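One-letter residues, chain by chain:
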Amino acid sequence: MKKLFLFLPVVMLFLQLISCSGSKLGYAANDEKLEMQVKEKRDVIDYNKLSAQRIPDFKRRMAQRIPDSSIGNPNAQHALPFAPILGGLVSLATNGVKKMIDNDKKKYTAGYDFALTKLYFYDQLSTESMFDPLGMQFHGFTLVRTFKTADGKEDTALKATFVLDTANEYEIINNAVFRLRLKDIDIRYAKAKIAKTAKQNINMDMEISFYSSYVNEMGQLFDNVLLGKFYLLLREVPLDKSAQGYAEYYQKLRGNLLDGRSFIVPRSFGYYLTGNGDRAKCYSQGAYSIHVKVNESSKNTFVNKIIIDNSTQILNSAESGLKKLINE
């Protein structure tokens, strides 16, 4: 019996060592490379396919109003129904409480960043306004993370492609706001540690931010202004291709709309030379940058964060500033 008691601590220690040893699907960070590439497409918005929009004045709107007393009265004279402006201007409501990865648990969490600067949102100058969407060329971007395996070969750990949401092009034109969709994502290895005895899954948060620096017609400088944020929060992402439901999990992610939104990039005020050699007022191609923060965790420990409320505050603050620029 004494030998058994002496043997038990050794067994327990051995089991702990096994459980703490890393999985081959985790800790993929040797000679890590992070690459980001923006896809540009001429005339992302095809204006030839869009119908003309009608904005009624007050008198027309009142003339087309149907009195409540006429409802159910077959003899009542009904005005023609009001044809709303195209584009589906309906309020969007989303549950704003999201669970973000708790970065305090460093042992089983890992983070990394992607960034691209000196980008142009439009393919031409404009003589109309700071928010003229004509010539918008931003179409999306791709993230790639690679690493070196134990035998020195380069392998891909993550590849994700995001595209501009064109389901409602009127929102871009009318509200100067755009959204993103996840076109495809493939997560093969995690940077965070995964225990061998644990489920070979990973949790991943992506925070995508758009920034711009510009000057308005009054000579006010705006440096590195946040235009908007997007969030992709993934839970229990399978890494083992042989696991049940692996293909179905990734298939369900394709085409999903990301949380958040962003204003289109404002154009800086400037001048251009006309054919006569004179100078005339114009607005730039819209310089901007993209910053992506990625957090991984193999443990289900999260903290609550109100994303939508946070995004709304950012957008409201930016919108008030943009209104001032427009009114000046």
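Above: the structure in question.
First, a word on scope: everything that follows refers to the structure included in this document. (Residues numbered from 1 in each chain as written. Predicted model: local features only at pLDDT ≥ 70, side-chain atom pairs only at ≥ 80, totals over all residues. Heavy atoms only, no water.)

**Section: the overall build of the protein**
Part 1 of the reasoning: The helix and strand tally for the protein stands at five helices and 14 strands.
Part 2 of the reasoning: A burial count over the protein gives 39% of its 328 residues as buried.
Part 3 of the reasoning: Put simply, 76% of the contacts in the protein that link residues at least 6 apart link residues at least 24 apart. (Helix = DSSP H or I, 4+ residues; strand = E, 2+ residues; numbered from the N terminus. Buried < 20%, exposed > 50% of the residue type's maximum accessible area, 1.4 Å probe, protein only. Contact = heavy atoms within 4.5 Å.)

**Re the nonpolar core**
Part 1 of the reasoning: In this structure, Phe 138, Phe 141, Ile 185, Phe 210 and Ile 290 are the most contacted members of the largest nonpolar core, which totals 53 residues.
Part 2 of the reasoning: The leading source of residues in this core is strand 8 (residues 201–215), at six residues. (Core = buried A, V, L, I, M, F, W, Y, C linked by side-chain atoms within 4.5 Å.)

**Topic: the pattern of salt bridges**
Part 1 of the reasoning: For the structure on display, the rule yields seven salt bridges.
Part 2 of the reasoning: When the shortest N-O distance is used, the salt bridge between Asp 165 and Arg 181 registers 2.8 Å. Of this pair, Asp 165 sits in the loop between strand 5 (154–164) and helix 3 (169–175) while Arg 181 is found in strand 7 (residues 180–187), placing the two residues 16 residues apart along the sequence.
Part 3 of the reasoning: Take Arg 181: its relative accessible area is 25%, and that puts it in the partly exposed class. (Salt bridge = Lys/Arg side-chain N within 4 Å of Asp/Glu carboxyl O.)

**A short note on the sheet that holds strand 5**
Part 1 of the reasoning: Spatially, the four strands line up as an open sheet ordered 1-4-5-7, and their pairing is antiparallel. The open sheet is flanked by strand 1 (33–40) and strand 7, the only strands paired with a single partner. Going from strand to strand, the sheet's axes swing by 15° on average, the running direction of each strand aside.
Part 2 of the reasoning: Pairing of strand 5 with strand 7 involves seven bridges; the strand directions are antiparallel. Within strand 7, the position partnered with Ala 160 by the bridge is Ile 185. (Pairing = 2+ DSSP bridges. Axes fitted to C-alpha atoms, helices over the stretch in contact; angles between N-to-C directions.)

**Structural notes on the side chain of Ser 298**
Part 1 of the reasoning: Relative to the elements of secondary structure, Ser 298 occurs in the loop between strand 13 (287–297) and strand 14 (302–306).
Part 2 of the reasoning: Once residues lying within four places of it in the same chain are set aside, the contact partners of Ser 298 are Tyr 108, Lys 193, Ile 194, Asn 201, Ile 202 and Asn 203.

**Some details on helix 4 (residues 246–253)**
Part 1 of the reasoning: For helix 4, the set of buried residues is Tyr 246, Tyr 250 and Leu 253. End-on, the buried residues of helix 4 take up no more than an arc of 55°, which puts them together on one face. Turned more than 90 degrees away from the buried face of helix 4 sit Ala 247 and Lys 252, all of them exposed.
Part 2 of the reasoning: Contacts made by the buried residues of helix 4 are with strand 7 and strand 9 (221–238).
Part 3 of the reasoning: Gly 255 occupies a position one or two residues after helix 4 and carries a positive phi of about 90°. (Arc of directions from axis to C-beta.)

**With respect to the sheet that holds strand 6 (residues 177–178)**
Part 1 of the reasoning: Spatial strand order, 3-13-8-9-10-6: six strands in an open sheet with antiparallel pairing. The open sheet is flanked by strand 3 (109–120) and strand 6, the only strands paired with a single partner.
Part 2 of the reasoning: Bridging between strand 8 and strand 9 involves 13 bridges; their strand directions are antiparallel. Residue pairing across strands places Met 206 opposite Leu 232, the latter belonging to strand 9.

**What to know about the packing of aromatic side chains**
Part 1 of the reasoning: Summed over all chains, the structure comprises 19 aromatic pairs.
Part 2 of the reasoning: With 5.4 Å between their ring centres and 90° between their planes, Phe 121 and Tyr 288 make a pair best called edge-to-face. With Phe 121 in the loop between strand 3 and strand 4 (138–148) and Tyr 288 in strand 13, the pair connects residues that are 167 residues apart, well separated along the chain.
Part 3 of the reasoning: Taking relative accessible area as the criterion, Phe 121 reaches 0% and is therefore assigned buried.
Part 4 of the reasoning: When the centroid spacing of 5.7 Å and the interplanar angle of 75° are considered together, the rings of Tyr 249 and Tyr 250 count as edge-to-face.
Part 5 of the reasoning: Its relative accessible area of 4% is what places Tyr 250 among the buried residues. (Phe/Tyr/Trp six-rings, centres within 6.5 Å; stacked < 30°, edge-to-face > 60°.)

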